Amino acid sequence: MDIHIESALLAQLLDEHAIVSVTDAAGDITYVNQKFLDISGYSLPELIGQNHRILKSGIHTPVFYQELWDTLLSGKTWQGEVCNRRKNGTLYWVRASVKPVLDAIGLPVQYISIRTDITEIKHAEESARCSQLLIRSVFDAIPDLIFYKDCDGKYLGCNRAFELYFNAPEASIIGKTDFDFVDQQTATSFRKQDELMLVAGAPRSNEEWITYPDGRKVLMEVVKMPYDYGGMQPGVIGVGHDITRRKQQIQAIEESESRWAFAVEGAGDGVWDWDMRTGHMLFSRLYEAMLGYDEHELPQTADAWIKSVHPADLSRVQDTLQKYLAGTFLNYVIELRLQCKEGGYKWVLCRGTVVERDAEGKPVRMIGIHSDISERKQGEQQLELFREMIENTGQPVFLIDVEDGYRLVYVNQAACKHWGASKEELLTWRIPDWDPTFDEERTKAHFVETVGKPGVIMETKHLLKDGRIVPVELFVNARMIAGKSYIFGSFLNISERKKSENSLLFAKESAERANSAKSDFLSSMSHELRTPMNAILGFAQLMEGDAAITEDQRENLQQISRAGWHLLDLINEVLDLARVESGEIKLAFESVDLADMVSECLSLVRPLSLHKRINVVNSVGADTPRMRADYLRLKQVLINLLSNAIKYNVEGGQVRINVSIVDDDKLAIVVRDTGRGMTPEQMAKLFEPFSRFGDTEAVQGTGIGLSISKKLIERMGGEILAESVYGAGSMFSIVLPRADMSDMKLPSKQDVLSLLYIEDDAAQQFLLGKWASKQ
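Here is what the cut-offs are and how they apply
- Residues numbered from 1 in each chain as written.
- Predicted model: local features only at pLDDT ≥ 70, side-chain atom pairs only at ≥ 80, totals over all residues.
- Heavy atoms only, no water.
- Helix = DSSP H or I, 4+ residues; strand = E, 2+ residues; numbered from the N terminus.
- Buried < 20%, exposed > 50% of the residue type's maximum accessible area, 1.4 Å probe, protein only.
- Contact = heavy atoms within 4.5 Å.
- Areas by Shrake-Rupley, 256 points an atom, 1.4 Å probe, with all protein chains shown as cover.
- Pairing = 2+ DSSP bridges.
- Core = buried A, V, L, I, M, F, W, Y, C linked by side-chain atoms within 4.5 Å.
- Phe/Tyr/Trp six-rings, centres within 6.5 Å; stacked < 30°, edge-to-face > 60°.
- Lys NZ or Arg CZ within 6 Å of the ring centre and 35° of its normal.
- Axes fitted to C-alpha atoms, helices over the stretch in contact; angles between N-to-C directions.
- Parallel < 35°, antiparallel > 145°, perpendicular 65-115°, else oblique.
- Left-handed = near helix turned anticlockwise from the far one by under 90°.
- Nonpolar A, V, L, I, M, F, W, Y, C, P; charged D, E, K, R; others polar.

Side note on the overall build of the chain
Next up, step 1: A tally of regular secondary structure across the chain gives 26 helices and 27 strands.
Next up, step 2: For the chain, buried positions account for 40% of its 775 residues.
Next up, step 3: By sequence separation, contacts in the chain at least 24 residues apart represent 55% of the contacts at least 6 residues apart.
Next up, step 4: For the chain, the computed accessible surface area is about 42200 Å², with 54% contributed by carbon and sulfur atoms.

In structure tokens form, the structure reads like this:
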């Protein structure tokens, strides 16, 4: 589609948007526009005749430039993004289109380069990656003059460009008014514009010639808008741009219409031309392509354009347009969403200008440019979501500027609540203000050691505003962001957790002391009880062997013996339990021949099995693998399990014993019975001391055996497993490691020993004397 636009209008539009240069075939500069001079920092004499290499940034590879020249020498237009270096050494990015002008034989004789300054977009992208705390860096990097004032016209702050323009630091600008910088007439005008804008509650823009105290006159384009600064009356935020040179350049440019049309489209933006009398709109090829349409596919009417505007943006778009046409706004600039061919929406920056009016001064024609800002908008939305998430999380979050004396540069609401201070107060704090253990040298070393690595968790203490010191668990990261050193992370007040830990530690120590006292008591009492019990049993046995006693007396003595032996068993098992719990039992590990040990255990319980007519089935053969255990203690446990399997079995029942392999490196001795079995409730208390089930009068026992057995097997590095079905029997398994060669013991020579018996108890001495006299 061809768009016929007057050269002057195109020149004006191009110079406001594009950076233009022309070189000869050798790449030497023959022409640049004012935008080129502004952005590069060079004067016209410094550039004319120079090669474009003067702007080389040094960040692109030789391959990049080789591909660029290969494209141009082939007669094609090259498009891409380039980083250049200004005269002062700083870098700036442009989106460039370079087109060769060919002679009659197809050789390049000239190169026309059209660029769009995308430095701010690059800065914005970098800022989004560096988080909201680096917004100030972006703020200062913007070349336009940015400032903000309170409702009384006093400056509250500004960016670096504003400082440089007025040759004054921000600190000296804050608190002053326009009357301190420009002539009284201009300052009065600015103040009136501020008041009108605040009353209207909508942005205003204007262009004015202003005179500075040193006599300089510049044409300044200023856009102002209201903003809320802490719940007070709205203040003013403004962006000023010196357009003196731009205006002068617009008047100087006289180029052909086709060249300027190429310049606009070469910048990658879409052009629109609106005939306001007929409603007809022309769209450039790139405008349609931006929305996914082929050339001439998009309906060329204002109504079609209105339908493409997102419903949520339409009223704002129309309001801005009406205010621009009414003169409230000096420029038509707005961000909006337009519907693409596939149905989705794309964010665009729309800028337009009235270029023709009728005899009565009414606007009849507008032209403008659409720039795709979807990626920028997406980044802004993601950044805003991130800010909202961090600000409202319940976890305190902070950011520290290492190079600014370890000062806090960001805290969220949770951090303010933790320290008991306002955000404004906290942003003046440095690490020593809240960390009583701060050591700068140690912190520097830790930063160097951990920068760029995963975060670390540590415990430290925080000094709060009210003077309290509380323990915290700190998660920190050390990072280099945009060339600066930062520490950021989060923390948690662990005061309650520390109290709980101390309480648990005290309770644990108390329980251990009580358990030790209990074990000492049981051990002592067991020893004290066993001595007189041995005497009772000994004298009962001696009296049973006396032929002079009557049969009735003999039966009484037998009852005394049975009760005594039961009580002695109970004493011995209580003593065993105390020793196991106190860790006094010493274990001697060896390679145990399970076949021999099982056979020995069965011989010991055979009288009990014969008495109850229990059929004992032994499946442990001579080829059974060996087990690593303490022989005597394993034998004690197995006898206990076999005795229980017989005692709690039904009359005429069965007990089966076998050995199975578990996980290749363990063995299990399994004892099954056909007894009454146990309920789930009984199983839950199975290994508790003094727990007995069933007919406790008919079945003798202490209820300690299983508890001791479990602790002994666990001391040997194994476990006892139990399964039971009520009414169908139970199964117990002793699981221990298999023996290896290191567990084998060589047989030792057995010697005949003499016995020396020392006893200080008179009853025991008398008993032993009686026994010895009968031998």
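Looking at the pairing of strand E4 (residues 91-102)
Next up, step 1: As judged from the eight bridges shared by strand E3 (residues 78-85) and E4, these two strands associate in the antiparallel manner. When the sheet's bridge partners are listed, Gly80 is paired in E4 with Ala96.
Next up, step 2: Hairpin connection between E3 and E4: a loop of five residues separates the two successive antiparallel strands, and Gly89 in this loop has a positive phi of roughly 95°.
Next up, step 3: The sheet contact formed by E4 and strand E5 (residues 108-117) spans nine bridges and is antiparallel. What sits directly across from Leu102, in E5, is Pro108.
Next up, step 4: Between the end of E4 and the start of E5, which pair antiparallel, lie five residues, with Gly106 showing a positive phi angle near 90°.

Brief notes about the nonpolar core
Next up, step 1: Judged by nonpolar contacts, the single largest core of 37 residues is most densely connected at Leu594, Leu634, Leu638, Leu642, Ile669 and Ile734.
Next up, step 2: Going through the elements one at a time, helix H22 (594-611), strand E23 (627-630), helix H23 (631-647), strand E24 (654-662), strand E25 (666-673), helix H25 (705-715) and strand E27 (729-737) are the ones with two or more residues in this core.
Next up, step 3: Aside from chain neighbours lying at most four places away, what touches Ile669 is Leu594, Met597, Met627, Leu634, Leu638, Ile657, Asn658, Val659, Phe732, Ser733 and Ile734.
Next up, step 4: Ranked by size, the runner-up nonpolar core spans 25 residues in total, among them Trp274, Phe283, Val309 and Cys350.

Focus: unusual backbone geometry
Next up, step 1: Despite not being glycine, Ala482 shows a phi value in the positive range, around 55°.
Next up, step 2: If you trace the backbone, Ala482 turns up in the loop between strand E19 (469-481) and strand E20 (484-493).
Next up, step 3: For Ala482, a relative accessible area of 59% translates into the label exposed.
Next up, step 4: Not every positive phi belongs to a glycine, and Asp664 is a case in point at roughly 70°.
Next up, step 5: Within the secondary structure, Asp664 sits in the loop between E24 and E25.

So, the packing of aromatic side chains
Next up, step 1: With the rule as written, the count across this model stands at 18 aromatic pairs.
Next up, step 2: Ring centres of Phe162 and Phe166 lie 4.6 Å apart, and the angle between their planes is 35°; this geometry places the pair in the tilted category. Taken together, the positions of Phe162 and Phe166, both in helix H7 (residues 160-166) and four residues apart, correspond to about one turn of that helix. Accessibility classification places Phe162 together with Phe166 in one group, the buried group.
Next up, step 3: Residue classification places Phe166 among the buried positions, given a relative accessible area of 18%.
Next up, step 4: Here the aromatic cluster, defined as three or more aromatic residues joined through ring pairs, consists of Phe147, Tyr155, Phe162, Tyr165, Phe166 and Phe181.
Next up, step 5: If you follow Lys377 out to its NZ or CZ, it ends over the ring of Trp347, 4.5 Å from the centre.
Next up, step 6: The ring of Phe687 carries Lys710 above its face, with NZ or CZ at 5.9 Å from the centroid.

Notes on the packing of H22 against H23
When two helices pack together, their arrangement is given by the angle between the helix axes and by the axis-to-axis distance.
Next up, step 1: Their axes nearest at 9 Å, the elements H22 and H23 cross at an angle of 40°. Between H22 and H23, the interaxial angle falls into the category oblique. Both H22 and H23 take part in a crossing whose hand is right-handed. Of H23, the residues touching H22 (which contributes Leu594, Met597, Val598, Glu600, Cys601, Leu602, Leu604, Val605, Leu608 and Ser609) are Tyr631, Leu634, Lys635, Leu638, Ile639, Leu642, Ser643, Ile646 and Lys647.
Next up, step 2: Classifying every residue of the contact of H22 with H23 by side-chain character gives 14 nonpolar, two polar and three charged.

Some remarks on the side chain of Thr443
Next up, step 1: Relative to the elements of secondary structure, Thr443 occurs in helix H19 (residues 440-450).
Next up, step 2: Taking relative accessible area as the criterion, Thr443 reaches 18% and is therefore assigned buried.
Next up, step 3: Not counting chain neighbours up to four residues away, the residues in contact with Thr443 comprise Tyr406 and Phe438.

A closer look at the sheet that holds E25
Next up, step 1: Taking strand neighbours across the sheet as the criterion, the five strands line up as E22-E24-E25-E27-E26 in an open arrangement whose pairing is mixed. Strands with a single pairing partner mark the edges of an open sheet, and in this sheet they are strand E22 (615-618) and strand E26 (719-725). In this sheet, neighbouring strand axes are inclined to one another by 15° on average, regardless of whether the strands run parallel or antiparallel.
Next up, step 2: The pairing of E24 with E25 spans eight bridges and is antiparallel. Bridge assignment links Ile661 to a residue of E25, and that residue is Leu667.
Next up, step 3: Helix-sheet contacts for H22 involve E22, E24 and E25, and the interaxial angle to E22 is about 175°.
Next up, step 4: Strand contacts of H23: E24, E25, E26 and E27, with the helix running at about 25° to E25, the strand carrying the most contacts.

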